[in-house]
Amino acid sequence: MNQELLRQMLAYYRDIGVEDVYRRVPQAPVAAAQKPDLEVPLPPLLPADDSLEQIRADIGDCKRCRLHEGRHNIVFGVGNEQTKLVFVGEGPGEDEDLQGIPFVGRAGQLLTAMIENTAQKEGLPLKRADVYICNVVKCRPPKNRAPEADEMEICGQFLARQLSVLKPKAICSLGGTATKALLGTKEGVTKMRGKWFKWRDIPVMVTYHPSYLLRAYNQDAKREAWEDLKTLFHFVYD
Ligand code: SF4
């Protein structure tokens, strides 16, 4: 781990109220009968009694990674905080950065249509406002590039706290970046979509990011994404 990342992670721990971070020092072997109690508890990653308000307060005017440099707004997340379903995307685009709300540009409008049209066809009274939507990184990457590994690691701590507070019945991972952040895999979305995985104990359905569906000439991807949402909605709401 490089010095800058270590510094940022320690700053994050301080922000969530962890005063001391311990490092396990290799110990010389000792006879079992004489073995002293050397176990030092590791600091908790998640604060007790966490809440979305607390997480947003901890983010503050965040400068923990380089993505703060070009942002207009931190895009925290939006939706029903009692939801059973959370959608996780990659990061804010231009419209999201300007409005401070995730998935409001063209890709966001497609996501809204996908959620509401699929639900309607399946006879489910589900609207976009009934789910919660957020991203792996809360600030817009320059020129809409993908977030880098260290940015995802730093900001991903806030995503982990959001998901731990929301405790949805399922998570929908939109695209490769979210899937990499949630599941730690380099496998492509094409191979993973439509299948169930787990983030901690919460089932995760992987599907395409709506911005990919806007670009794709291949109509198969759209049809597959609709199939993925059908499977997801019936699992969550039946
Ligand atoms: S992307 Fe996340 S960690 Fe980086 S500056 Fe924005 S809020 Fe902070």
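Please refer to the structure placed before this passage.
Criteria and cut-off values
- Residues numbered from 1 in each chain as written.
- Predicted model: local features only at pLDDT ≥ 70, side-chain atom pairs only at ≥ 80, totals over all residues.
- Heavy atoms only, no water.
- Helix = DSSP H or I, 4+ residues; strand = E, 2+ residues; numbered from the N terminus.
- Buried < 20%, exposed > 50% of the residue type's maximum accessible area, 1.4 Å probe, protein only.
- Contact = heavy atoms within 4.5 Å.
- Areas by Shrake-Rupley, 256 points an atom, 1.4 Å probe, with all protein chains shown as cover.
- Polar contact = N/O pair within 3.5 Å; in protein donor to acceptor, adjacent residues only side chain to side chain.

## Some thoughts on the overall build of the protein chain
Then, number 1: Along the backbone of the protein chain there are nine helices and six strands.
Then, number 2: Within the protein chain, the fraction of its 238 residues that count as buried is 45%.
Then, number 3: For the protein chain, the share of sequence-separated contacts (at least 6 apart) that also reach a separation of at least 24 residues comes to 72%.
Then, number 4: With the model as given, the accessible surface of the protein chain reaches about 13,100 Å², and the carbon-plus-sulfur share is 50%.

## Describing helix 6 (residues 175–183)
Then, number 1: Taken as a whole, helix 6 has its buried residues at Gly175, Thr177, Ala178, Thr179 and Leu182.
Then, number 2: In this structure, the buried side of helix 6 is in contact with strand 2 (85–89), helix 5 (149–166), strand 4 (170–174), helix 7 (189–192), strand 5 (196–199) and strand 6 (202–207).
Then, number 3: Phi turns positive one or two residues past the end of helix 6, at Gly184, with a value near 65 degrees.

## Quick notes on the environment of Pro92
Then, number 1: Inspection of the secondary structure puts Pro92 in the loop between strand 2 and helix 3 (94–99).
Then, number 2: Since its relative accessible area comes to 2%, Pro92 is described here as buried.
Then, number 3: Apart from residues lying up to four places away in sequence, Pro92 is in contact with Val75, Asp97, Asn135, Val137, Lys138, Cys139, Arg140, Pro141 and Asn144.

## Concerning the side chain of Arg71
Then, number 1: Examined against the element boundaries, Arg71 turns out to sit in the loop between helix 2 (52–59) and strand 1 (78–79).
Then, number 2: A polar side-chain atom of Arg71 sits 2.8 Å from a polar atom in the side chain of Asp61.
Then, number 3: In this structure the side chain of Arg71 is engaged in a polar contact, spanning 2.7 Å, whose partner is the backbone oxygen of Cys62.
Then, number 4: Here Arg71 is in contact with Asp61, Cys62, Asp97 and Cys139, once residues within four sequence places are set aside.

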